[in-house]
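Fold and geometry: a report
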Amino acid sequence: MKKKHYALLAAAFLLLVGAAWAWSIYRQLAAPLLAQATTHYLYIDNDDTADSVLAKLQPVSNETGMKGLQRLASHYDYDTHLRTGRYAIEPGKKALDVFRQLRNGQQSPVMLTVPEVRTMPRMAARLSAKLMIDSTAIAQALTNQQYCQQLGYDTTTIACLFVPNTYEVYWNVSLDALMQRMQKEHDAYWDAERRKKAEAQGLTPNEVVTLASIIDEETANNAEKPMIAGMYLNRLHRGMLLQADPTVKYALGDFTLRRILNKHLEVESPYNTYKYAGLPPGPIRVPSVQGIEAVLNPEQSDYLYMCAKEDFSGTHNFARTLGEHNANARRYQQALNKRGIR
């Protein structure tokens with residue numbers, strides 16, 4: 001009887017130990033992972049390991065929940081199931097649920113703003129700041145002729161691909177997938193109605209974007225853009241040189257120039273619209289949607305000339321004749337001289 005009694009006691013003891021061990025594990029797995037009351041965003045990239053992911057979470061986790069996550073990562077060999085991405089870890093979420101989220105790649109998207117910028121390296125830097133893709137990889141692709149041609153553009157027209165707006169994408173999106181998304185958004189923007197408006201102006205969508213880029217460099221005043229668009233379209237339709245100062249700055253590679261002199265107009269470049277008729281080979285920047293819409297919906301006038309106002313307000317005086325324009329230009333030149341701008 002004694003032996004049977006001891007056996008029952010031992011079994012009961014082991015059962016209690018097992019129950020305590022199971023309860024301890026349950027507490028760890030069911031414990032909230034975060035020790036804070038706000039959502040934490042975890043970024044996992046290609047260089048991460050299970051240990052580095054846990055190390056990133058350690059400072060914001062409570063002890064019990066972290067033990068549960070560590071136990072799960074070890075038991076289920078998380079190192080071989082690690083998935084990149086941006087993960088929103090919500091307060092109160094159990095360690096077990098967080099592990100499932102990470103292991104299954106249930107990431108949270110980012111809001112990516114495609115900016116209005118002058119160069120593709122700048123575009124690359126701005127995109128990379130919100131994505132896992134390295135800025136160098138983006139810049140190299142957007143300045144590579146072969147890659148651009150695969151997208152249906154070249155290095156002079158690749159800026160036409162981008163329609164400035166904010167898009168929801170995944171942080172770990174690949175470069176190719178990102179460019180495919182940009183093409184999808186481009187095609188959605190250039191619907192039948194906008195293409196018809198472009199055709200009515202005698203322009204292709206790429207040419208609309210090119211003219212819009214010049215207009216955006218001429219002024220930041222959105223209200224004036226349709227008037228400037230109408231003026232430039234008048235010159236284009238009459239076969240006149242555009243004589244747009246921003247294209248000269250682009251040809252010289254210097255947008256800091258505040259005064260265009262005769263020597264600047266001699267620069268040999270297809271972007272020098274003082275020398276070559278028509279539009280330049282491509283956009284001189286990624287233009288704003290307002291600039292594009294101004295070209296598609298220009299203000300009708302018989303203006304053929306414009307000159308910055310002498311009050312430096314950022315707006316322009318428009319003229320129908322060369323004589324009127326020269327008078328406007330003299331006032332502006334005098335204002336530049338008065339301010340010592342060379």
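For the structure itself, consult the block above.
Residues numbered from 1 in each chain as written. Predicted model: local features only at pLDDT ≥ 70, side-chain atom pairs only at ≥ 80, totals over all residues. Heavy atoms only, no water.

What to know about the overall build of the protein
This is how it is decided: Think of it this way: any DSSP run of H or I at least four residues long counts as a helix, any run of E at least two long counts as a strand, and we number them from the N terminus. Here the globule rule reads 2.2 Å times residues to the power 0.38, and the radius of gyration is calculated from C-alpha atoms. Buried means the residue's accessible area, taken with a 1.4 Å probe over protein chains only, is under 20% of the maximum for its type, while exposed means over 50%, and partly exposed covers the values in between. Contact between two residues is taken to exist if any of their heavy atoms lie within 4.5 Å; hydrogens are not considered. Using a 1.4 Å probe, the Shrake-Rupley method yields the accessible areas, and only the shown protein chains count as cover for residues.
Counting secondary structure elements, the protein contains 14 helices and 6 strands. Relative to the globule expectation of 20 Å for 342 residues, the C-alpha radius of gyration of the protein, 31 Å, shows a markedly less compact shape. Counting only C-alpha atoms, the protein reaches 125 × 45 × 35 Å along its principal axes. By the burial criterion, 44% of the 342 residues in the protein qualify as buried. Sequence separation of at least 24 residues holds for 64% of the intrachain contacts in the protein that already meet a minimum separation of 6. Accessible surface for the protein amounts to roughly 18,100 Å². Of this, 50% is attributable to carbon and sulfur atoms.

Considering helix α13 (residues 289–296)
Regarding α13, the residues found buried are Gly291, Ile292, Ala294, Val295 and Leu296. Buried residues belonging to α13 abut α8 (175–189), α9 (192–200), α10 (205–218) and α11 (225–238).

Notes on the pairing of strand β2 (residues 85–89)
Formally: DSSP calls a pair of strands paired once it identifies at least 2 bridges connecting them.
Among the 5 residues of β2, 5 are classified as buried, and the element is accordingly described as predominantly covered. Burial along β2 is two-sided: Gly85, Tyr87 and Ile89 and Arg86 and Ala88, pointing in opposite directions, are all buried. Of the pairings in the sheet, the one linking strand β1 (residues 40–44) to β2 comprises 5 bridges and is antiparallel in character. Pairing of Tyr43 across the sheet is with Arg86, part of β2.

Quick word on the side chain of Asn234
Relative to the helices and strands, Asn234 resides in helix α11. Overall, the relative accessible area of 18% leaves Asn234 in the buried class. The residues contacting Asn234, other than those within four sequence positions of it, are Ser301, Asp302, Tyr303 and Leu304.

What about the pattern of salt bridges?
What counts here: Salt bridges are identified by distance alone: a Lys or Arg side-chain nitrogen within 4 Å of an Asp or Glu carboxyl oxygen.
Inspection of the entire model under this criterion finds 13 salt bridges. Notably, a salt bridge pairs Arg100 with Asp97, separated by 3.8 Å at the nearest N-O pair. Here Asp97 and Arg100 lie together in helix α4 (residues 95–103), a separation of 3 residues that amounts to about one turn. We note a salt bridge from Arg194 to Glu293, for which the minimum N-O separation is 2.8 Å. With a gap of 99 residues between them, Arg194 in helix α9 and Glu293 in helix α13 connect regions that are remote in the sequence.

Digging into the state of the cysteines
As a reminder of what qualifies: Disulfide: a pair of cysteine sulfur atoms within 2.5 Å of each other.
Per the counting criterion, the structure on display carries 0 disulfides. Cysteine Cys148 is unpaired, with the sulfur of Cys160 as its nearest cysteine sulfur at 11 Å.

Quick word on the side chain of Ser213
With respect to the helices and strands, Ser213 occurs in helix α10. Given the relative accessible area of 0%, Ser213 is considered buried.

So, helix α12 (residues 245–252)
Along α12, the positions that sit buried rather than exposed are Pro246, Thr247, Val248 and Lys249. Against α10 lie the buried residues of α12. Just beyond α12, the residue with positive phi is Gly253, at close to 75°.

A few points about the packing of α11 against α13
This is how it is decided: Note on geometry: axes are lines fitted to C-alpha atoms, helical ones only across the stretch in contact, with angles between N-to-C directions running from 0 to 180 degrees. Put simply, angles under 35 degrees are roughly parallel, angles over 145 are roughly antiparallel, angles from 65 to 115 are roughly perpendicular, and the rest are oblique. Two helices cross in a left-handed way if the nearer one is turned anticlockwise from the farther one by less than a right angle. They cross in a right-handed way if the turn is clockwise. Following the grouping adopted for this structure description, the nonpolar residues are Ala, Val, Leu, Ile, Met, Phe, Trp, Tyr, Cys and Pro, the charged ones are Asp, Glu, Lys and Arg, and the polar ones are all others, Gly among them.
Where α11 meets α13, the axes come as close as 8 Å, and the angle between the chain directions of the two elements is 50°. Here α11 is positioned oblique relative to α13, judged by the angle of their axes. Read as a crossing pair, α11 and α13 show a hand that is right-handed. Here α11 contributes Lys225, Pro226, Ala229 and Leu233 to the contact with α13, which in turn contributes Gln290, Gly291, Ala294 and Val295. The residue inventory of the contact of α11 with α13, partitioned by class, reads 5 nonpolar, 2 polar and 1 charged.

A word on the nonpolar core
Heads up, the rule is: The criterion is simple. A nonpolar core is a set of buried Ala, Val, Leu, Ile, Met, Phe, Trp, Tyr and Cys residues joined through side-chain atoms within 4.5 Å.
Of all hydrophobic cores here, the largest spans 60 residues; its most connected members are Met123, Leu127, Leu131, Phe162, Leu178 and Tyr232. Looking at which element gives the most residues to this core, the answer is α11, with 7 residues. Beyond its immediate stretch of four places on either side in the chain, Leu178 contacts Leu112, Leu127, Leu131, Ile133 and Val173.

Quick look at the environment of Arg320
Stated precisely, the cut-off is as follows: Any pair of nitrogen or oxygen atoms within 3.5 Å is treated as a polar contact; in protein, a donor-acceptor pairing is required on top of that, and neighbouring residues in sequence qualify only through side-chain atoms on both sides.
Locating Arg320 in the fold gives a position in the loop between β6 (316–319) and α14 (322–338). Sequence spacing of Arg320 and Tyr305 is 15 residues, and the spatial spacing of their C-alpha atoms is 6.4 Å. Ignoring sequence-local partners within four residues, the contact set of Arg320 consists of Asp302, Tyr303, Leu304 and Tyr305. In this structure the side chain of Arg320 is engaged in a polar contact, spanning 2.7 Å, whose partner is the side chain of Asp302.

A word on unusual backbone geometry
Negative phi is the rule for most residues except glycine; trans is the rule for most peptide bonds. Within the chain, Asp77 stands out as a residue other than glycine whose phi angle is a positive 50°. Within the element layout of this structure, Asp77 appears in the loop between α3 (63–75) and β2. Under the relative-accessibility criterion, Asp77 is labelled partly exposed at 40%. Here the phi dihedral of Gln243 falls at roughly 50°; this positive angle occurs in a residue that is not glycine. Positionally, Gln243 belongs in the loop between α11 and α12. Given the relative accessible area of 34%, Gln243 is considered partly exposed.

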